[in-house]
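Working through the structure, step by step
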Amino acid sequence: MTKYVIKRLFSGLITIFLVFVINFILIHIAPGDPVSVMMGKDNNDPELRAALMAKYGLDQPLYVQFYRQLTTTIRGDLGDSYIYSRPVVDMIAEKIGPTLLLVFPSALIALIIGAAMGILSARHEGSVIDVIFSGLTYILNAMPSFWLGLMLIILFATRLNLLPSSGMIDVRAGYTGFRYILDVLRHLALPLGTLVLINIPYYYRIAKSSVLQVTNEEFITTFRATGMSERKIFNKYVFKNAILPVVTVFGITMAFLISGVTLIETVFAWPGTGRLTLTAINQRDYTVLMGMYLVVSVMVALTMIVVDIVYALLDPRIRY
Amino acid sequence: MKLIKKILRTIKSDRLLLAGCIGICILLFIVVAAPLITEYDAKLFGPDALVAPGDPAHPLGTNHLGQDIWSMLIYGTRTSLMVAVVASFISALLGIIIGGIAGFFGGWADRIISELINVFLMIPTLFLVLLIVAMFGSSILNIMIVIGLTSWPSNAKLMRAQALSLRERTFVKSAQAMGENRRQILMKYIIPNGVFPVVANTTVGMANAILLEASLSFLGLGDPTVISWGQMVYDGKQYLTSAWWIAAFGGVAICLTLLIFYMTGDGLNHVLNPKHGKAGE
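Given the structure is predicted, the values throughout are model-derived calculations rather than measurements.

1. Remarks on the overall build of chain B
A tally of regular secondary structure across chain B gives 13 helices and 0 strands. Taken from the N to the C terminus, the helices and strands of chain B come in the order α-α-α-α-α-α-α-α-α-α-α-α-α. Referenced to the eigenvectors of the C-alpha coordinate spread, the extents of chain B come out at roughly 75 × 45 × 35 Å. The burial tally for chain B puts 51% of its 281 residues in the buried class. When contacts within chain B are restricted to residue pairs at least 6 apart in sequence, long-range pairs at least 24 apart make up 71% of them. In chain B, 20 side chains carry a positive charge and 15 a negative one; their mean positions are 20 Å apart.

Structural data, given as structure tokens:
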């Protein structure tokens, strides 16, 4: 097991290192020299230029620059945003809370609903439920997340006037305590709902196909032949074996979610990292964008590693 | 002639594939016949802005600049399909070459490339694309190339698996015995025989490319000189409360197009490996 964990950690590290290398290459091949990329356009402050040159050793040979940048990044310094003249790490740290509030619950809810729908479909294959669920998830799968979000706004916020369409809190109300939590939950409903809907198809597909696959295994047929009740077969044998692949999909969807949430945050003006990314795009604040890219990759790599380890704990076959 | 008949029979045998193929034909028709089925040029800023759908002159309404929504949808098909074809062609080509080399040559090359493929599959593509497009400019050509360059890993993975199994087959072994060199074998036997799963995957790749271009446009990184569905949704966002139709129809078009590509892809997968189709879906 230890060997497996070390192997997974190692490939996670490679991933992050590769992202760093991509960032490094991009800075150097982008139009203009690295300093102007980091300083932003229309900025010609010679003092800042000299400071950046010294910090990253930009007058040195490439391998020295690479080494310097790597060591500063490892120390947790992702550079400064030229627009706000603040460390990128601080800016991201401030905004990451609301993003995680959106990402993890939506992944979990989608997993539960999607897997439940998939299992139901598989147990009643060919029934009306199966046809409806399959059709529904097929269409959901083809919807662009940001568009679905906008349509939900039109329906629930503009037409029915049930839910707020943007932001995380009602600024004018200034709630505290329990009312505050309730207010955040109300604002959370639409963005969370959109993410859940978008992610359901993945879990549905994998849950359904793995239940069907396990049901067709020979040992299940043997149980049937011995006269064991369908319910017992399902609860004791099918479910346990079929839920494993769903766990792996959780890791993969997470990767899409963490980057895809940028779109949803843009739709709902959610004050998370997505907003930061959008502002950075509009102002061509490359240090922030590259910092985000690195942080997102670290988050994805971490989730993948955790999911893989959980998977290996559940299924001893993987470890060997 | 026999081949065409066989292809037609295969298409007819699978409902999803049939529906997908009909859909693709409709899309191609729209691409070719765009000027015939629209009354206005999509880039024409008409005198009537924000006309609601149902208007006799503009059945789907107009946007804030007076552009006809129906015309924009029709001309947007051209952009989306162009992005889909160019990006997925680059991605398939890279995937086939890289995956083929890894699977066929094996050894160190395979170990490094496989690890690289896994790593690239893990990295969120959207962010990389976004970063590159922001840095190098958001012309439609840039967008297509970047999407192609970042989406090859899944194709490479499929091609590698194919090459791994093909190189053990007798006809490849006999070619080796006949003294053909490794490059010839790769080009003449491995790639042509292992390319089908990549082709099936390419339909999904096309769908992803369309979605990615739309996402970029929605974030304000689209090419402002072309008509694109993502751009329509982006424009419509500001007018969501007063003119819902600007954003709504663009999304419907994306959704329908993705459905067509997914159906084609699933249908192709069923036809290529019938056993798999039974357990899945």
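Here the narrative resumes.
2. Concerning the state of the cysteines
Residue and element names in this part refer to chain B. This model, assessed by the stated rule, comprises 0 disulfides over all chains. Cys-21 provides the cysteine sulfur closest to Cys-255, a residue in no disulfide bond, and the two sulfurs are 19 Å apart. For Cys-255, a relative accessible area of 7% corresponds to the buried category.

3. As for helix H7 (residues 145-159) of chain A
With 15 residues, H7 of chain A should reach 21 Å at 1.5 Å per residue; the first-to-last C-alpha distance of 20 Å fits that figure. Ile-153 of chain A marks the point of greatest bend in H7 of chain A, at about 30 degrees. Among the 15 residues in H7 of chain A, 11 count as buried, and that is most of the element. On its buried side, H7 of chain A packs onto helix H6 (128-141), helix H8 (177-215) and helix H10 (230-268) of chain A together with helix H10 (196-218), helix H11 (229-237) and helix H12 (244-272) of chain B. Asn-161 of chain A lies just past H7 of chain A and shows a positive phi near 55 degrees.

4. So, the packing of aromatic side chains
If you walk through the whole model with that rule in mind, you get 7 aromatic pairs over all chains. Judged by centre distance (4.4 Å) and plane angle (15 degrees), the rings of Phe-146 of chain A and Phe-218 of chain B are stacked. Taken together, the positions of Phe-146 of chain A in helix H7 and Phe-218 of chain B in helix H10 put the pair across two chains. Phe-146 of chain A sits in the buried class, given a relative accessible area of 0%. With centroids separated by 5.9 Å and ring planes inclined at 85 degrees, the aromatic side chains of Trp-244 of chain B and Trp-245 of chain B adopt a geometry described as edge-to-face. A cation over a ring is seen here: Arg-111 of chain B above Trp-108 of chain B, with NZ or CZ 4.9 Å from the ring centre.

5. Considering unusual backbone geometry
Look at Ala-269 of chain A: it is not a glycine, yet its phi comes out positive at around 50 degrees. Its place among the elements puts Ala-269 of chain A in the loop between H10 and helix H11 (273-282).

6. Things to note about the interface of chain A and chain B
In this complex, chain A contributes 52 residues to the contact, which on the side of chain B involves 42 residues. Approximately 4300 Å² of surface area, both sides summed, lies buried where chain A meets chain B, with 79% of it carried by carbon and sulfur atoms. Summed over the three residues of chain A that lose the most area to chain B, namely Tyr-138, Phe-146 and Tyr-293 of chain A, the buried surface amounts to 15% of that side. Inspection of the chain A/chain B interface yields 1 salt bridge. Taking the shortest distance from any N to any O, the salt bridge between Arg-205 of chain A and Asp-266 of chain B comes out at 3.0 Å. Counting every contact that joins chain A to chain B gives 6 residue pairs in polar contact (both at pLDDT 80 or more). When contributions to the side of chain A that touches chain B are tallied by element, the ones reaching two or more residues are helix H1 (2-29), H6, H7, H8, H10, H11 and helix H12 (286-314) of chain A.

7. Remarks on the confidence of the model for chain B
Reading predicted coordinates in detail is not appropriate for stretches of low pLDDT. All names here are of chain B. Scored by pLDDT, chain B comes out at a mean of 82, with 95% of its residues at no less than 70. pLDDT under 50 marks residues 276-281. Its contacts with residues more than four places away, or in other chains, come to 9 contacts. With pTM at 0.85, the complex prediction returns an ipTM value of 0.85.

8. Comments concerning the nonpolar core
Taken as a class, soluble globular proteins show a tendency for nonpolar side chains to be buried jointly. If you look at the biggest cluster of nonpolar residues, it comprises 136 residues, and the most contacted ones within it are Phe-146, Leu-150, Leu-289 and Tyr-293 of chain A together with Ile-69, Leu-73 and Ile-147 of chain B. Built from parts of two domains, this core gets at least three residues from each of domain 1 (1-89 + 272-320) and domain 2 (98-255) of chain A. In this structure, Leu-166, Ala-175, Ile-185 and Ile-191 of chain B belong to the second largest nonpolar core, which totals 14 residues.

9. Regarding the side chain of Glu-265 of chain A
Residue and element names in this part refer to chain A. Here Glu-265 lies in helix H10. There is no salt bridge for the buried Glu-265, and the closest opposite charge comes from Arg-275, which lies 7.3 Å off by N-O distance. Beyond its immediate chain neighbours, meaning those up to four positions away, Glu-265 contacts Thr-99, Leu-102, Trp-270, Gly-272, Thr-273, Gly-274 and Arg-275.

Rules of the game
- Residues numbered from 1 in each chain as written.
- Chains lettered and ligands numbered in written order.
- Predicted model: local features only at pLDDT ≥ 70, side-chain atom pairs only at ≥ 80, totals over all residues.
- Heavy atoms only, no water.
- Helix = DSSP H or I, 4+ residues; strand = E, 2+ residues; numbered from the N terminus.
- Buried < 20%, exposed > 50% of the residue type's maximum accessible area, 1.4 Å probe, protein only.
- Contact = heavy atoms within 4.5 Å.
- Lys, Arg positive; Asp, Glu negative; His and termini not counted.
- Charge placed at Lys NZ, Arg CZ, Asp CG, Glu CD.
- Disulfide = S-S within 2.5 Å.
- Expected span 1.5 Å × (residues − 1).
- Bend = angle between axes of the 7 residues up to and from the residue.
- Phe/Tyr/Trp six-rings, centres within 6.5 Å; stacked < 30°, edge-to-face > 60°.
- Lys NZ or Arg CZ within 6 Å of the ring centre and 35° of its normal.
- Buried area = accessible area lost by both parts, 1.4 Å probe.
- Salt bridge = Lys/Arg side-chain N within 4 Å of Asp/Glu carboxyl O.
- Polar contact = N/O pair within 3.5 Å; in protein donor to acceptor, adjacent residues only side chain to side chain.
- pLDDT = per-residue confidence, 0-100.
- Core = buried A, V, L, I, M, F, W, Y, C linked by side-chain atoms within 4.5 Å.
- Domains from an automatic or database assignment.

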